[in-house]
Amino acid sequence: AQSVTQPDIHITVSEGASLELRCNYSYGATPYLFWYVQSPGQGLQLLLKYFSGDTLVQGIKGFEAEFKRSQSSFNLRKPSVHWSDAAEYFCAVVVRDDMRFGAGTRLTVKP
Amino acid sequence: SQTIHQWPATLVQPVGSPLSLECTVEGTSNPNLYWYRQAAGRGLQLLFYSVGIGQISSEVPQNLSASRPQDRQFILSSKKLLLSDSGFYLCAWSETGLDGYTFGSGTRLTVV
C-alpha cells in the first residue's frame, strides 16, 4: 500500500545539537515531497519541498532535506537546533494531486 | 498575496448539534481546497477536497459533509455532531495540488 512513514514519534535533542528527522515513502513513482512544521494549536507551515533536480534542498529556518531515491527517504536535517524549533514535524507526499501526510514527529528541545 | 482564513479558532459544541466551519481564500482564483482533521496525537486525515465550485470529493465516509458555494469558499458541516468528531480541523489550498499546500490556522472543535 502507498504510505508515508515517519518512524520516530518523539525525538528529544539538546539545544545546539544536530537534528535528523526521518521520512520514508512507498509509492511507485517519485512523488513530490514536503516537510511541514506545526507549532501547538497552529496550522502547518511549509519548511521545504522537493520536486526534481538537486537532491539536497534548502528550506526556511535553517532546515534542509535530502532525497534518496534508493532508500525512498526524504530526511529533514538541521545542524544546530534552537529552542524555538520545538514543534511537530510532518513529512508529506503529493501523488495524483492530493497530499498525504506521515503521522508526525514531535520534537522536544532540551536547554 | 494569497491568504487563507479559517474560523472560528475554537468551538465547543454539544453532541447532536450542527456544525459549520468556514474557510475562505483571497488573492487567487479556482484554487484546490482541502479539509483535514487532526485528532489528538495523530497525523492529518484528508476529509474532503474540491477542485472547483460544487465539486467535492470525500475521502472518508462519516457524518461530515463539505460544500463549495463560491470559488474561494469551502465549508465543513455536520447535521449532528458525535463525540468522535472532536479534533483540530485544518483548511488548506493549493494552485495545482502539486505545488504544496498553504494551511489555515485551524479550528479546535470539542464535542461535549
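See above for the structure.
Residue positions within a chain follow its written sequence, with the count starting from 1. Chains carry letters and ligands carry numbers; both start at the beginning, A for chains and 1 for ligands, and go up in the order they are written. Since the coordinates come from a predicted model, pLDDT governs what is reported: local features require at least 70, and pairs of side-chain atoms require 80 or more to be given and counted, while whole-chain, interface and lining totals use all residues. Side-chain figures throughout are based on the complete set of non-hydrogen atoms in the structure, without hydrogens or water.

A.B. asks: Can you help me understand the overall build of chain B in this one?
C.D. replies: Counting from the N terminus, the helices are the DSSP runs of H or I reaching at least four residues and the strands are the DSSP runs of E reaching at least two. Each helix and strand in chain B was counted, giving 0 helices and 11 strands. From first element to last, N terminus to C terminus, chain B shows the α and β order β-β-β-β-β-β-β-β-β-β-β. Projecting the C-alpha coordinates of chain B onto the three principal axes gives extents of approximately 40 × 25 × 20 Å. Only protein chains enter the accessibility calculation, which uses a 1.4 Å probe. A residue is then buried if its area is under 20% of the maximum for its type, exposed if over 50%, and partly exposed in between. Across the 112 residues in chain B, those meeting the buried criterion constitute 49%. As displayed, chain B offers around 5,100 Å² of accessible surface, 53% of which is attributable to carbon and sulfur atoms. Here the Shrake-Rupley method, with its probe set to 1.4 Å, supplies the accessible areas, and only the displayed protein chains count as covering residues.

A.B. asks: It is not clear to me how the pattern of salt bridges should be interpreted in this structure. Could you clarify?
C.D. replies: Note on pairing: side chains with opposite charge can pair once their charged atoms come close. The salt bridge criterion pairs a side-chain nitrogen of Lys or Arg with a carboxyl oxygen of Asp or Glu, the two atoms within 4 Å. Within the structure shown, the criterion is met by 7 salt bridges over all chains. Across the pair A:Arg100 and B:Glu59 runs a salt bridge, and its minimum N-O distance is 2.9 Å. In this pair, A:Arg100 is assigned in strand β11 (residues 98–101) and B:Glu59 in the loop between β6 (55–58) and β7 (64–70), connecting two distinct chains. We note a salt bridge from B:Arg37 to B:Asp85, for which the minimum N-O separation is 3.7 Å. Residue B:Arg37 is located in strand β4 (residues 32–38), and its partner B:Asp85 is located in the loop between β8 (73–78) and β9 (87–94); the two are separated by 48 residues in the primary sequence.

A.B. asks: What is the right way to read the interface of chain A and chain B from this model?
C.D. replies: Size of an interface, as often reported, equals the accessible area lost when the parts are brought together. Listed per partner, the contact involves 19 residues of chain A and 19 residues of chain B. The contact between chain A and chain B buries some 1,500 Å² in all, and 56% of this surface belongs to carbon and sulfur atoms. Linking chain A with chain B are 1 salt bridge. N or O atoms closer than or at 3.5 Å make up a polar contact, with two conditions inside protein: a donor-capable atom paired with an acceptor-capable one, and, for residues adjacent in sequence, both atoms drawn from side chains. For the interface between chain A and chain B, the tally reads 5 residue pairs in polar contact (both at pLDDT 80 or more). Elements with a minimum of two residues in the side of chain A that touches chain B: β5 (32–38), β6 (44–50), β10 (87–95) and β11 of chain A. Contacts are assigned to residue pairs that have any heavy atoms within 4.5 Å of one another. Buried area: the accessible surface (1.4 Å probe) lost by two parts on joining, summed over both.

Function-wise, these values are silent; they only describe arrangement.
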